[in-house]
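As a plain string of letters, each chain reads:
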Amino acid sequence: LPAQGSLLYLDTLHAAFPQALASRATALLSWAPGGHHAPAGWPLPTLYCTPAEAGALPSRAAALRVQLLFALRTRALHVLEAGLATELHDALAALRASWPGLAEDLALGRLSPQPGLPEDTRCRLQALLVPDAARAAELQAECALGFEGIVQRLWPQLEVVVVRTVHGTEKLYCDALRQADCKGLPFYCPFYRAAGALLGVNLWPKEPVPRFLLCPDWAFCEFLPCPAEEEARTVLLGELWEGREYGLVLTARPGEYRCRAGEVLKVAGFHKQCPMVEPVRRESQALSVRGESISEERFCRSLCRTVGMWPGARLVDYVCVESALLGAASGACAPHYEVFVELRGLRDLSEGQRYKLDQCLQEDFPVYKSFRFKGSIGPLRLHLVGAGAFARLREALGSPLPMPRVLREERLLQLIQSTVIS
């Protein structure tokens, strides 16, 4: 991060939440196998109650569980920081599944052996723990009452949840956390990044929809108006219009490359003559078996609308694969979408309920409806997967980056077949 970006973040956080920068009052849940880093702000060691070594473990699941244990021993947290909303979700899923063991570890000042936690690292981390029977009893009492609003019940002084991104399908997890585990807490996404460069900062942490102020001297940005004009010509920061959408063209420092970042932004307004933007979609993430080009964001919207028609169901996660990429596994029929969905509150779907998604797509996308009518696109196939399938997939991916929900790489497809379908 540019030093200016870190200082802006810390100043904004302190202004909105005065106790947020208290010593050891931030817990970090973020897997960084290449070495410790804070996904938001300056990696100031005195801010964090979680040891740096815990986030660099070879196993994602082990790293999140160890970080969760260190977070649980600190009752006076003010900030809960996660690299991704999925990491916070998976850490809290581990709390649901193994809170008796976590409580025992707290009471004994112990770090239990687990897969992905090397023994020498376990011994070093365990040396930082001390027995705390009172905190263990509090954890047991709160978990026994259920997990609605569990985050604020475990950390009553918590002010804000900080995450790296709240866009795309990460928004699914943010919304789910807001409605259940993190009920009553604001989510703050401080930075906007693209193609490895930091482009903007969010100066309004209490706003429900994040807006990012583009900072002119962090990277050189150009913009292509959307929809594309006949003679495509990039425009600069001073030529943007409020309310319009633009594709981002980025030249990152020190000017070694100029590329289309694959991001579409909407200009939400201006702050002291600098544009404020909202990320809209990623151009590369689109379904297009016949050229229909349905973006990931719009497909997700149709899927969420469909789930709303299934009584008692809540969408946890999904991936969509174009049938041609699955080869013979998709059967001998016209190209179509294969959608794998994890739900809560519903164990099975009738054929009529499964067809609702195809029906919603036809209603939302006339081009898709036309291809379906002609038979050049076959009926969508919807598969329900078991609880925790996507957490296993994230572990198998071995990447700290957000997982795409429109899969195109052969390796990702193999992982889908081995971790989700099975």
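What you are looking at is a predicted structure, and each value in this text was computed from that prediction instead of being measured.

Chemist: Teacher, can you tell me more about the overall build of the protein here?
Modeler: Each helix and strand in the protein was counted, giving 13 helices and 17 strands. On C-alpha atoms alone, the protein measures out to a radius of gyration of 23 Å, which is about the 22 Å that the 2.2 N^0.38 rule sets for 422 residues. If you line up the protein on its principal axes, its C-alpha atoms span 70 × 55 × 35 Å. Here the protein holds 422 residues, and the buried ones make up 52% of them. Looking at the protein alone, contacts between residues at least 24 apart form 64% of all its contacts between residues at least 6 apart. Summing over all exposed atoms, the protein offers an accessible surface of approximately 18600 Å²; the carbon and sulfur share of this is 55%.

Chemist: When you look at the environment of Q4 in this model, what are you seeing that I'm missing?
Modeler: Within the secondary structure layout, Q4 lies in helix α1 (residues 3–16). By relative accessible area, which is 41% here, Q4 ends up partly exposed. Sequence spacing of Q4 and C215 is 211 residues, and the spatial spacing of their C-alpha atoms is 9.9 Å. Only 2.9 Å separates the side chain of Q4 from the side chain of W218, close enough to count as a polar contact.

Chemist: For this particular structure, what's the right way to read helix α10 (residues 351–364)?
Modeler: Taking 1.5 Å of rise per residue, the 14 residues of α10 would be expected to cover 20 Å, and the 21 Å separating its terminal C-alpha atoms lies within 8% of that figure. Where α10 bends most, at L357, the angle is about 25 degrees. Within the sequence span of α10, burial applies to R354, L357, D358, C360, L361 and Q362. The inward-facing, buried residues of α10 abut α8 (296–307), β15 (337–344), α11 (366–374) and β16 (381–384).

Chemist: When you look at helix α2 (residues 60–72) in this model, what are you seeing that I'm missing?
Modeler: Because an α-helix packs 3.6 residues into every turn, residues spaced three or four apart end up facing the same way. Between its first and last C-alpha atoms α2 spans 18 Å; for 13 residues at 1.5 Å apiece the expected length is 18 Å, and the two agree. Counting buried residues in α2 gives twelve out of 13 residues, a clear majority hidden from the surface. Where α2 is concerned, the buried positions are R60, A62, A63, L64, R65, V66, Q67, L68, L69, F70, A71 and L72. Buried positions along α2 lie against β1 (26–29), α3 (85–108), α4 (119–126), α5 (133–144), α6 (150–154) and α12 (389–397).

Chemist: Which parts of the structure should I look at to understand the domain arrangement of the protein?
Modeler: Where interface size is quoted, it is often the accessible area lost as the parts come together. Splitting the protein by domain gives domain 1 (3–189), domain 2 (211–283) and domain 3 (288–418). When each unit is reduced to the centre of its C-alpha atoms, the spacing between domain 1 and domain 3 is 31 Å. Taken together, the contact between domain 1 and domain 3 spans 18 residues of the former and 20 residues of the latter. For the pair domain 1 and domain 3, the summed buried area comes to about 1500 Å², and 54% of that belongs to carbon and sulfur atoms. Area buried by domain 1 at its contact with domain 3 is led by T169, L172 and Y173, which between them contribute 35% of it.

Chemist: What exactly am I supposed to notice about the side chain of R122 here?
Modeler: Looking at the secondary structure, you find R122 in helix α4. Residue classification places R122 among the buried residues on the basis of a relative accessible area of 11%.

Chemist: Sorry if this is basic, but what is going on with the packing of aromatic side chains here?
Modeler: Two aromatic rings, taken as a pair, are described by how far apart their centres are and by the angle between their planes. The final tally for this structure, using the stated rule, is seven aromatic pairs. Centroid distance Y9 to F191: 5.7 Å. Interplanar angle 50 degrees. Geometry classified as tilted. Of this pair, Y9 sits in helix α1 while F191 sits in strand β5 (residues 191–194); the two residues are 182 residues apart in sequence, bridging distant segments of the chain. In terms of burial, Y9 and F191 fall into one category: buried. Look at F223 and Y246: their rings are 6.2 Å apart centre to centre, the planes differ by 75 degrees, and that puts the pair in the edge-to-face class. On the criterion of sequence distance, the pair formed by F223 in strand β8 (residues 220–226) and Y246 in strand β9 (residues 245–252) is long-range, its members being 23 residues apart.

Chemist: It is not clear to me how the side chain of S59 should be interpreted in this structure. Could you clarify?
Modeler: Turning to its location among the elements, S59 is positioned in the loop between β1 and α2. A distance of 3.4 Å separates the side chain of S59 from the backbone nitrogen of A61, its partner in a polar contact. A polar atom in the side chain of S59 sits 2.9 Å from the side chain of E395. In this structure, S59 is in contact with W31, P115, G116 and E395, ignoring residues within four places of it in sequence.

Chemist: Please explain the pattern of salt bridges as it appears in this structure.
Modeler: Two side chains with opposite charge may pair up if their charged atoms get near one another. Tallied over the entire structure, the rule returns 25 salt bridges. Where R301 meets E297, a salt bridge forms, and the shortest distance between an N and an O atom there is 2.2 Å. Pair noted here: R301 and E297 are both in helix α8, with a separation of four residues, about one helical turn. R301 gets classed as exposed once you look at its relative accessible area, which sits at 51%. Residue R305 is joined to E363 by a salt bridge in which the shortest nitrogen-to-oxygen separation is 3.0 Å. Of this pair, R305 sits in helix α8 while E363 sits in helix α10, placing them 58 residues apart in sequence.

Chemist: What am I meant to see in the pairing of strand β2 (residues 79–82) here?
Modeler: Where a strand is regular, its side chains alternate between the two sheet faces. Along β2, one buried face is formed by V79 and E81 and the opposite face, lined by L80 and A82, is buried too. In this sheet, strand β3 (residues 160–163) lies alongside β2 in parallel orientation, the contact comprising four bridges. Pairing of E81 across the sheet is with V162, part of β3.

About the cut-offs
Residues numbered from 1 in each chain as written. Predicted model: local features only at pLDDT ≥ 70, side-chain atom pairs only at ≥ 80, totals over all residues. Heavy atoms only, no water. Helix = DSSP H or I, 4+ residues; strand = E, 2+ residues; numbered from the N terminus. Rg over C-alpha atoms; globule rule 2.2 N^0.38 Å. Buried < 20%, exposed > 50% of the residue type's maximum accessible area, 1.4 Å probe, protein only. Contact = heavy atoms within 4.5 Å. Areas by Shrake-Rupley, 256 points an atom, 1.4 Å probe, with all protein chains shown as cover. Polar contact = N/O pair within 3.5 Å; in protein donor to acceptor, adjacent residues only side chain to side chain. Expected span 1.5 Å × (residues − 1). Bend = angle between axes of the 7 residues up to and from the residue. Domains from an automatic or database assignment. Buried area = accessible area lost by both parts, 1.4 Å probe. Phe/Tyr/Trp six-rings, centres within 6.5 Å; stacked < 30°, edge-to-face > 60°. Salt bridge = Lys/Arg side-chain N within 4 Å of Asp/Glu carboxyl O. Pairing = 2+ DSSP bridges.

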